[in-house]
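An overview of the molecular structure
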Amino acid sequence: MPAVLYAHYVARSILQGGYAHPLSRSWQNRRQLTKSMLMYPIFITDDPDAEVEIASLPGQKRWGVNRLEQFIAPLVAKGLTSVILFGVPLTCEKDGRGTPADDEAGPVILAIKKLRSLFPSLYIACDVCLCEYTDHGHCGLLNSDGTINNAPSVDRIAQVAVNYAKAGAHCVAPSDMMDGRIKGIKQGLINAGLGNKCTLMSYSAKFASSLYGPFRDAAGSAPSFGDRKCYQLPPSAKGLARRAIATEGADIIMVKPALPYLDIIADAAQLTPDHPLACYQVSGEYAMVVAGARAGVYDLRTMAFESVDSMIRAGATLILTYFTPDFLDWLAV
């Protein structure tokens with residue numbers, strides 16, 4: 001048999017031996033997905049007995065508070081550690097201030113209290129925004145010309161966040177992208193004696209993305225006129241995103257969406273190395289992965305892991321994803 005010559009290889013270029021075995025492959029990951037890194041977004045509606053499928057968001061539903069135990073209990077048994085709540089008001093009277101957002105009889109505050117009583121170890125975060133509760137569908141209060149009135153918007157969003165914290169939320173997460181709202185919320189929490197009891201997770205870099213469509217179907221939060229491009233970040237604006245990743249007292253930094261913005265996640269990891277870093281695999285990202293799998297383009301489990309592993313590789317330590325129930329099963333294998 002002729003001799004095999006390896007002289008033309010440089011020793012340091014022989015990489016395959018380092019990942020020839022499944023276990024040694026796993027060692028190549030600086031960080032691996034664990035169940036505690038998952039936060040599950042759930043939609044809570046003001047119909048207490050609701051269990052309504054969301055057509056554009058496969059496998060996800062709107063839930064009423066009376067259905068939460070049957071929905072969440074099996075997931076907690078599988079290792080679910082955290083959720084983030086989004087209110088979906090269908091019967092309330094909306095107005096320009098988003099008054100129903102922190103109604104004590106509204107879906108979010110009722111769900112906080114219900115989940116705290118049912119699952120004491122479950123970490124409960126709440127999205128804080130006004131778009132679901134305003135009659136115009138925008139994320140803040142408006143001037144007479146239809147533009148955002150920033151200062152009173154911040155005051156109102158801070159008020160809602162503090163009321164969620166008073167109801168028992170472990171974490172408040174403002175997604176409105178109003179300038180200065182993190183500082184306003186943090187000060188509000190401190191003034192209420194909750195600054196050391198409630199985590200503040202900032203949607204620090206939230207882009208004006210085309211990937212929010214299924215979420216807006218689920219939450220009924222599409223604006224009644226115009227768009228949100230004047231307060232959410234332009235998709236190509238890397239410099240603006242880096243400037244937006246300013247902590248202002250935030251305890252957790254978030255980038256949203258995730259997969260198209262891996263460079264921004266990596267920038268955030270560099271700019272705020274001492275903070276936990278979250279990213280939101282948004283509704284459109286999730287729906288695309290599911291659609292591709294249903295079309296036979298790839299295996300769902302494999303692609304779901306690949307997408308989330310890329311976020312972790314970029315620096316994320318917390319993943320908000322609709323795949324959470326699936327990952328709880330997949331990570332148990």
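Described in the following lines is the structure provided in the data block. No experiment lies behind these values; they were computed from the predicted model shown.

As a further point, take the overall build of the chain. The helix and strand tally for the chain stands at eleven helices and ten strands. At 21 Å, the chain has a C-alpha radius of gyration in line with the 20 Å of a compact globule built from 333 residues. Oriented by its inertia axes, the alpha-carbon framework of the chain measures out at about 85 × 45 × 40 Å. Counting only residues that meet the buried cut, the chain has 51% of its 333 residues in that class. For the chain, long-range pairs separated by at least 24 residues make up 75% of all intrachain contacts whose partners lie at least 6 apart in sequence. Carbon and sulfur atoms make up 53% of the accessible area of the chain, which amounts to about 15400 Å² in all. On the chain, the mean spot of the 31 positive side-chain charges and the mean spot of the 31 negative ones are 7 Å from each other.

Here the focus is the pattern of salt bridges. Per the stated rule, a full pass over the model turns up eight salt bridges. The salt bridge involving Asp102 is made with Arg156; its shortest N-O contact spans 2.8 Å. Of the two residues, Asp102 sits in the loop between β4 (82-88) and α3 (107-118) while Arg156 sits in helix α4 (residues 150-167), which places them 54 residues apart along the sequence. For the pair Asp102 and Arg156, a shared accessibility class is recorded, and that class is buried. Here Lys186 ties to Asp251 by a salt bridge, and the two come within 3.2 Å at their closest N and O atoms. Of the two residues, Lys186 sits in helix α5 (residues 181-191) while Asp251 sits in the loop between α7 (238-244) and β8 (252-256), which places them 65 residues apart along the sequence. Its relative accessible area of 14% is what places Lys186 among the buried residues. Salt bridges here are not isolated pairs; linked through shared partners, they connect Lys238, Arg242, Asp263 and Asp267.

For the rest of this paragraph, the subject is the pairing of strand β6 (residues 171-174). Because side chains alternate across β6, one face comprises the buried residues Cys171 and Ala173, and the other comprises Val172 and Pro174, equally buried. Of the pairings in the sheet, the one linking strand β5 (residues 123-128) to β6 comprises four bridges and is parallel in character. Following the sheet pairing, Val128 is matched in β6 by Pro174. Between the parallel elements β5 and β6, the chain passes through α4 in a crossover that is right-handed. Pairing between β6 and strand β7 (residues 199-206): two bridges, direction parallel. Note that in β7 the partner of Val172 across the bridge is Leu200.

Once that is clear, we can look at the state of the cysteines. Overall, the coordinates contain zero disulfides when judged by the stated rule. Left unpaired, Cys126 is separated from the closest cysteine sulfur, that of Cys171, by 8.2 Å.

What follows covers the packing of aromatic side chains. On inspection of all chains with the given rule, the structure shows 14 aromatic pairs. Consider the rings of Phe305 and Phe327, whose centres lie 4.9 Å apart with planes at 80°: the pair is edge-to-face. Pair noted here: Phe305 is in helix α10 (residues 300-314) and Phe327 is in helix α11 (residues 324-330), with a separation of 22 residues, a long-range link. Both residues of the pair, Phe305 and Phe327, belong to the buried class. In this structure Phe327 comes out as buried when scored by relative accessible area, which is 0%. The structure contains a cluster of three or more aromatic residues connected by ring pairs, namely Phe43, Phe86, Tyr280, Tyr286, Phe305, Tyr322, Phe323, Phe327 and Trp330. Across from the ring centre of Tyr212, 5.8 Å away, lies the NZ or CZ of Lys206, which sits over that ring. Geometry around Tyr212 places Lys256 over its ring, the cationic atom sitting 5.1 Å from the centre.

Now for the environment of Asn143. Here Asn143 is to be found in the loop between β5 and α4. The exposure class of Asn143 is partly exposed, given its relative accessible area of 30%. Sequence-distant contacts of Asn143, defined by excluding residues within four places in its chain, comprise Ile148 and Asn149.

A few words on the side chain of Thr45. Along the chain, Thr45 falls in strand β1 (residues 38-45). Judged by its relative accessible area of 2%, Thr45 falls in the buried class. Within the local environment of Thr45, its side chain forms a polar contact with the backbone oxygen of Val88, the two atoms lying 3.1 Å apart.

For the peptide bond that leads from Lys256 to Pro257, omega is -10°, which places it in the cis range. Note that Pro257 resides in the loop between β8 and α8 (262-271).

With that settled, the discussion passes to the nonpolar core. Core analysis: the biggest nonpolar cluster contains 106 residues, and Leu85, Tyr164 and Met201 have the highest contact counts within it. Not counting the four nearest positions on each side in its chain, Met201 is found in contact with Met39, Ile84, Cys171, Val172, Ala173, Pro174, Ile252, Met254, Ala278 and Leu318.

Okay, α10 next. Its 15 residues give α10 an end-to-end C-alpha distance of 22 Å, which sits within 8% of 21 Å, the value for a rise of 1.5 Å per residue. Listed as buried for α10 are Met303, Ala304, Phe305, Ser307, Val308, Ser310, Met311, Ile312 and Ala314. Tucked into the core, α10 has its buried residues touching α8, β9 (277-281), α9 (283-294), β10 (318-321) and α11. N-cap assignment for α10: the residue whose side-chain oxygen lies 3.3 Å from the backbone N of Arg301 is Asp299. At the C-terminal side of α10, Gly315 shows a positive phi close to 130°.

Procedures and definitions
- Residues numbered from 1 in each chain as written.
- Predicted model: local features only at pLDDT ≥ 70, side-chain atom pairs only at ≥ 80, totals over all residues.
- Heavy atoms only, no water.
- Helix = DSSP H or I, 4+ residues; strand = E, 2+ residues; numbered from the N terminus.
- Rg over C-alpha atoms; globule rule 2.2 N^0.38 Å.
- Buried < 20%, exposed > 50% of the residue type's maximum accessible area, 1.4 Å probe, protein only.
- Contact = heavy atoms within 4.5 Å.
- Areas by Shrake-Rupley, 256 points an atom, 1.4 Å probe, with all protein chains shown as cover.
- Lys, Arg positive; Asp, Glu negative; His and termini not counted.
- Charge placed at Lys NZ, Arg CZ, Asp CG, Glu CD.
- Salt bridge = Lys/Arg side-chain N within 4 Å of Asp/Glu carboxyl O.
- Pairing = 2+ DSSP bridges.
- Right-handed = clockwise from strand over helix to strand, strands pointing away.
- Disulfide = S-S within 2.5 Å.
- Phe/Tyr/Trp six-rings, centres within 6.5 Å; stacked < 30°, edge-to-face > 60°.
- Lys NZ or Arg CZ within 6 Å of the ring centre and 35° of its normal.
- Polar contact = N/O pair within 3.5 Å; in protein donor to acceptor, adjacent residues only side chain to side chain.
- Core = buried A, V, L, I, M, F, W, Y, C linked by side-chain atoms within 4.5 Å.
- Expected span 1.5 Å × (residues − 1).

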